[in-house]
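Residues per chain, in single letters:
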Amino acid sequence: MTATAEPRAGADGPAHATRPIDDDAARTIRGFEAYGDGDWDEIAREAIGEERIVVNMGPQHPSTHGVLRLMLEIDGETVTEARAGIGYLHTGIEKNMEFRTWTQGPTFCTRMDYVAPFFQEVAFCLATERLLGVTDDVPERASEIRVLMMELNRIASHLICLGTGGNEMGATTVMTVAFTAREEILRLFEAVTGLRMNHAYIRPGGVAQDVPEGFTTQAREALKKVRGYLKDLGDLMLANPIFKSRLTDVGVLNLAGCMALGVTGPVLRSTGLPYDVRKSAPYCGYETYDFDVPVSTNADCYDRVVLRIEECYQSLRLAEQALSRLDASEGDPVIVADKKIAWPAQLAIGSDGQGNSLEHIRKIMGTSMEALIHHFKLVTEGFPVPAGQAWQTVEHPRGELGVHAVSDGGTRPYRAHFRDPSFNNLQATSVMCEGGQVADVVVAVASLDPVLGGVDR
């Protein structure tokens, strides 16, 4: 049986056509009439039984740390379901690496997690060196430079996390202090590699070139400033009652949840587990450095902020040790002696960026035909890598970064696959957000510190 609405007289004409109302709608209308006056949300919830709203946060939202789409089902201000949608930044970098030489590989993988580019470069080169069998032949000075670059990059990455996270909660001063500190580190990168990001500086067998003259003095001055900025950040955030109440007991993910989802990095260490690849499976000589792995036990967003600040201080310790070693090893080689692997160019940084030094060009063009031929073949064809596969992990600012490199004996990778920590850590989004407030979603995602370039690679 169908109820029919009464005709309504128009303002200056006949009554409008009637509109049929089904039984469910009629019962709902009678139910609302029975409630009379009152709060609409309460009436709707009691009459209909539930209120389901789906909200899309992103992929253009500034607080999603890239083009991440969050699909939130909310009940009032409470998140009842959260799902992460990815793939909006897909670049096909891993597939592209199959069509480039092993030396060109770092040029691609450095663009994955663009906030921490050195870690992808180092991991890929370490895997390549395993396949080549030259791991023990990499000069000590090259490993010292790698450690220095990675630890400076770890600080810069954490500063991005802390700065953008603070800004998303309305603390603009946190962002300005963090970005000012990061600028000091980017100047060091530019002095060494000629670039602020996407460096392609780490090469199979070592690094592209030595640090410039006077760099260690410049670095020590910059690190003093960074240490001061870190203290200011700690004062701005950790002792701020509003900041603490905003983050404490928000985005909780315990040890069992981290283990089930494969979550690593500061999020895992906030549960009390001191897992760090630099300690569990050392590389680049990390076992010879003195540093600690900070942990906490509350497993919430506030603890992850504390951990990242403490990790910055530990990275300063490591960087200072690496600088001391660089002073002692000045003049030593920075790439393997095997000329069938080592990049033949002698690079220099000039007004036009980075390129071959004029002395090297004069030599290969004017005095040595063999050097010119070797240079041409090594650059255009690359060096062959024995058939096999290698797995290499490093401790990335966001967790454990793994590289699975496969060679078929040619001059290009048969396969290069990366286990990016942001990709695995994003699985925790729903667990951390469901049951919390909509505003807490921003805080929880910021505490994961995802970079979508690594997720969508």
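Cut-off values and rules
- For every chain, the first residue of the written sequence is number 1, and numbering continues from 1 onward in sequence order.
- Only residues with pLDDT of at least 70 are given local features in this predicted model, and only at 80 or more are side-chain atom pairs given and counted; all residues enter the totals for whole chains, interfaces and linings.
- Remark: hydrogens and water are excluded; side-chain values derive from all non-hydrogen atoms of the structure.
- The criterion is simple. A nonpolar core is a set of buried Ala, Val, Leu, Ile, Met, Phe, Trp, Tyr and Cys residues joined through side-chain atoms within 4.5 Å.
- Exposure categories follow from relative accessible area, calculated using a 1.4 Å probe and restricted to protein chains: below 20% of the type maximum is buried, above 50% is exposed, and the middle band is partly exposed.
- The contact definition used throughout considers only heavy atoms, calling two residues in contact when any of these lie within 4.5 Å.
- The angle between two axes is taken between their N-to-C directions and runs from 0 to 180 degrees, where each axis is a line fitted to C-alpha atoms and a helix contributes only its stretch in contact.
- Comment: elements are numbered from the N terminus, with helices defined as DSSP H or I runs of at least four residues and strands as E runs of at least two.
- Note on terminology: angles under 35 degrees are roughly parallel, angles over 145 are roughly antiparallel, angles of 65 to 115 are roughly perpendicular, and the others are oblique.
- Handedness of each helix crossing follows the sense of rotation of the near helix against the far helix: counterclockwise by less than a right angle gives left-handed, clockwise gives right-handed.
- The classification used treats Ala, Val, Leu, Ile, Met, Phe, Trp, Tyr, Cys and Pro as nonpolar, Asp, Glu, Lys and Arg as charged, and all other residues, Gly among them, as polar.
- A pair of strands is labelled paired if DSSP reports no fewer than 2 bridges between them.
- Salt bridge, as used here, is a side-chain nitrogen of Lys or Arg placed within 4 Å of a carboxyl oxygen of Asp or Glu.
- Ring pairs shown here join Phe, Tyr and Trp side chains whose ring centres sit within 6.5 Å, with only the six-membered ring taken for Trp; geometry is labelled stacked below 30 degrees between planes, edge-to-face above 60, and tilted in between.
- Residue-level confidence of the predictor is what pLDDT reports, using numbers from 0 through 100.

Peer 1: Please clarify how the nonpolar core should be interpreted in this entry.
Peer 2: Where a protein is soluble and globular, its nonpolar side chains tend to be buried together. Core analysis: the biggest nonpolar cluster contains 89 residues, and Met97, Leu148, Met149, Leu152, Tyr201, Phe215 and Phe418 have the highest contact counts within it. Not counting the four nearest positions on each side in its chain, methionine 97 is found in contact with Gly105, Phe108, Cys109, Met112, Phe124, Pro413, Ala416 and Phe418. Counting residues in each nonpolar core, the second largest holds 23 residues, with Met57, Leu70, Leu72 and Val445 among its members.

Peer 1: I'm lost on the packing of helix H8 (residues 215-237) against helix H13 (residues 301-328) in this one. Help?
Peer 2: For any two helices packed against each other, one specifies the inter-axial angle together with the distance between the axes. Running from amino to carboxyl end, H8 crosses H13 at an angle of 165°, the nearest separation of the two axes being 11 Å. Of the possible angle classes, the one that applies to H8 and H13 is roughly antiparallel. Handedness of the H8/H13 crossing: left-handed. Facing Phe215, Thr216, Ala219, Arg220, Leu223, Val226, Arg227, Leu230, Lys231, Gly234 and Met237 of H8, the residues of H13 in contact are Val305, Ile309, Cys312, Tyr313, Leu316, Ala319, Glu320, Leu323, Ser324, Leu326 and Asp327. Partitioned by chemical class, the residues of the contact of H8 with H13 number 14 nonpolar, three polar and five charged.

Peer 1: What's the story with the sheet that holds strand E4 (residues 69-75) in this structure? I'm lost.
Peer 2: Two modes of strand pairing occur in sheets, parallel and antiparallel, and in both the strands are linked by backbone hydrogen bonds. Read across the open sheet, the three strands follow the order E3-E4-E5; overall the sheet is antiparallel. Edge strands, defined here as strands with exactly one partner in the open sheet, are strand E3 (53-57) and strand E5 (78-85). On average, each strand axis in the sheet is inclined to that of its neighbour by 20°, with strand direction left out of account. Relative to E4, helix H18 (residues 438-448) is tilted by about 150°, and along the sheet it contacts E3, E4 and E5.

Peer 1: Could you clarify how one ought to interpret the pattern of salt bridges in this entry?
Peer 2: Close approach of charged atoms allows side chains of opposite charge to pair. Taken as a whole and judged by the stated rule, the model has 24 salt bridges. Where arginine 269 meets glutamate 311, a salt bridge forms, and the shortest distance between an N and an O atom there is 2.8 Å. With a gap of 42 residues between them, arginine 269 in helix H11 (residues 266-269) and glutamate 311 in helix H13 connect regions that are remote in the sequence. For the pair arginine 269 and glutamate 311, a shared accessibility class is recorded, and that class is buried. Through salt bridges with shared partners, a single ionic network connects Glu151, Arg154, Arg269, Asp276, Arg278, Glu311 and Glu395.

Peer 1: So what exactly am I meant to see when it comes to the packing of aromatic side chains here?
Peer 2: Applying the stated criterion across every chain, the model contains six aromatic pairs. Aromatic pair phenylalanine 118 and tyrosine 201: ring centres 6.5 Å apart, planes at 85°, arrangement edge-to-face. Of this pair, phenylalanine 118 sits in helix H5 (residues 117-132) while tyrosine 201 is found in the loop between helix H7 (172-193) and strand E6 (202-203), placing the two residues 83 residues apart along the sequence. By the burial criterion, phenylalanine 118 is buried, and tyrosine 201 matches it.

Peer 1: Hey, could you run me through the confidence of the model for the chain in this one?
Peer 2: Caution applies to low-pLDDT parts of the model: their predicted coordinates are not meant to be read in detail. Mean pLDDT for the chain: 85, with 86% of residues reaching 70 or above. Low pLDDT (under 50) marks residues 1-19, which in the prediction has 19 contacts with non-local residues, meaning those over four places away or in another chain.

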